[in-house]
Amino acid sequence: MSRSQLQRQVVNIRKSLFDQGFLDDQFIQLEDLQDEANPYFVEECVTLFYTDSVRLIHNIEQTLDSRPVNFNRLEDLVHQFKGSCSSIGAKKVKNECTHLREYCMSGNAEGCIRTFQRVKQELAVLRRKLESYFQMARQAGASANA
């Protein structure tokens, strides 16, 4: 694939992430901080997000599994996770976290469990899509430097 084809594909993948509602303007703000001195800044931020997500997801699962469910702790954890999602512009995951917090505040354990499954699904889909995007972006960058 030629350099220009790779670059077009990167642009199209990025556009689709926004068009499909996976990302919001915060992602653009991260991109604005990326420069030649730190060409992988956004990817590094997203990698840190996923590292932190593993811990938060685990803690949320433990809290949901405990009986009785400590909804205050659960809400705090979901609030932290929602903040992490906001920091990278993970729009769909953040929106699911909003729904999850609403179930926490109403003390609805079943609603929390169902919505938490959607949070994890959206997180997995976003991860796959961003991994493809970053891989293609690296290839386009390598082609640009070749």
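All residue numbers refer to positions counted from 1 along the written sequence of the respective chain. Totals for whole chains, interfaces and linings use every residue, but because this is a predicted model, local features are given only for residues with pLDDT of at least 70 and side-chain atom pairs only at 80 or more, for both listing and counting. As a rule here, side-chain values cover all heavy atoms of the structure and leave hydrogens and water aside.

1. Regarding the overall build of the protein chain
What counts is decided by this rule: Helix and strand labels come from DSSP, where a helix needs a run of H or I of at least four residues and a strand needs a run of E of at least two; each type is numbered from the N terminus. The rule is simple: take the accessible area with a 1.4 Å probe, protein chains only, and divide by the maximum for that residue type; under 20% is buried, over 50% is exposed, in between is partly exposed.
The helix and strand inventory of the protein chain stands at 6 helices and 0 strands. For the protein chain, the succession of helices and strands along the chain, N to C, is α-α-α-α-α-α. Principal-axis analysis of the C-alpha atoms gives the protein chain an extent of 60 × 25 × 20 Å. Within the protein chain, buried positions represent 38% of all 146 residues.

2. Remarks on the environment of Asp35
Rule in force here: Between N or O atoms, a polar contact is any pair within 3.5 Å; within protein, one atom must be a potential hydrogen donor and the other a potential acceptor, and residues adjacent in sequence are included only when both atoms are from side chains.
Mapped onto the elements of the fold, Asp35 is located in the loop between α2 (25-33) and α3 (41-65). A polar atom in the side chain of Asp35 sits 3.0 Å from the backbone nitrogen of Ala37. One polar contact links the side chain of Asp35 to the main-chain amide nitrogen of Asn38, over a distance of 2.9 Å.

3. Examining the packing of aromatic side chains
The condition is simple: Pairing of aromatic side chains requires ring centres within 6.5 Å, counting the rings of Phe and Tyr and the six-membered ring of Trp. Pairs whose planes differ by under 30 degrees are stacked, by over 60 edge-to-face, and all others tilted. Charge-over-ring contacts are defined here by two conditions on Lys NZ or Arg CZ: a distance within 6 Å of the ring centre and an angle within 35 degrees of the ring normal.
One pass over the structure, following the stated rule, counts 5 aromatic pairs. Pairing Phe49 with Tyr50 gives two aromatic rings, centres 5.0 Å apart and planes at 65 degrees, and the pair type is edge-to-face. Like Tyr50, Phe49 is buried. For the ring pair Tyr133 and Phe134, a centre distance of 5.4 Å and an interplane angle of 55 degrees mean the geometry is tilted. Accessibility expressed as a relative area gives 9% for Tyr133, which makes it buried. Members of the aromatic cluster, connected to one another through ring pairs, are Phe18, Phe27, Tyr133 and Phe134. The side chain of Lys92 reaches across the aromatic face of Phe22, ending 4.2 Å from its centre. Lying over the aromatic face of Tyr50, Arg127 brings its terminal NZ or CZ to 4.6 Å of the ring centre.

4. A word on the layout of surface pockets
What counts here: Every definition here rests on a 1 Å grid over the protein atoms only: cavities are sets of points where a 1.4 Å probe fits but cannot get out, pockets are open sets enclosed by protein on both sides within 12 Å along at least five of seven lines, and lining residues have some atom within 4 Å of a point. Grid points are joined across faces, edges and corners, and a volume is the space filled by probe spheres set on the points. The classification used treats Ala, Val, Leu, Ile, Met, Phe, Trp, Tyr, Cys and Pro as nonpolar, Asp, Glu, Lys and Arg as charged, and all other residues, Gly among them, as polar.
Counted as a void, the second largest pocket has a volume near 160 Å³. Lining the second largest pocket are Glu43, Val46, Thr47, Tyr50, Arg127, Leu130, Glu131, Phe134, Gln135 and Arg138. Of all the secondary-structure elements, those providing two or more residues to the lining of the second largest pocket are α3 and α6 (109-145). Here the element with the most residues in the lining of the second largest pocket is α6; it accounts for 6 residues. Along the lines of polarity and charge, the residues of the lining of the second largest pocket split into 4 nonpolar, 2 polar and 4 charged.

5. A word on the packing of α3 against helix α4 (residues 71-88)
Selection rule: As a rule, the C-alpha atoms of each element are fitted with a line to give its axis, helices using only the stretch in contact, and angles between N-to-C directions run from 0 to 180 degrees. Working rule for angles: under 35 degrees goes down as roughly parallel, over 145 as roughly antiparallel, 65 to 115 as roughly perpendicular, anything else as oblique. Each helix crossing is assigned a hand: it is left-handed if the near helix lies turned anticlockwise from the far helix by less than a right angle, otherwise right-handed if that turn is clockwise. Working rule for contacts: check all heavy atoms of both residues, and any pair within 4.5 Å makes them a contact.
Direction vectors running N to C along α3 and α4 enclose 165 degrees, while the axes themselves pass 10 Å from each other. Considering their axes alone, α3 and α4 lie roughly antiparallel with respect to each other. In terms of crossing hand, the pair formed by α3 and α4 is left-handed. Here α3 contributes Cys45, Val46, Phe49, Asp52, Ser53, Arg55, Leu56, Ile57, Asn59, Ile60, Thr63 and Leu64 to the contact with α4, which in turn contributes Arg73, Leu74, Leu77, Val78, Gln80, Phe81, Ser84, Cys85 and Ile88.

6. Brief notes about the pattern of salt bridges
We count it as follows: Should a side-chain nitrogen of Lys or Arg be within 4 Å of a carboxyl oxygen of Asp or Glu, the pair is scored as a salt bridge.
If you walk through the whole model with that rule in mind, you get 9 salt bridges. Note that Lys94 and Asp24 form a salt bridge whose closest N and O atoms lie 3.3 Å from each other. Of this pair, Lys94 sits in helix α5 (residues 91-106) while Asp24 sits in the loop between α1 (3-19) and α2, placing them 70 residues apart in sequence. Each of the two residues, Lys94 as well as Asp24, counts as buried. Put simply, Glu96 and Arg118 hold a salt bridge, and the shortest N to O gap is 3.1 Å. With Glu96 in helix α5 and Arg118 in helix α6, this residue pair connects regions lying 22 residues apart in the sequence. Glu96 gets classed as buried once you look at its relative accessible area, which sits at 14%.

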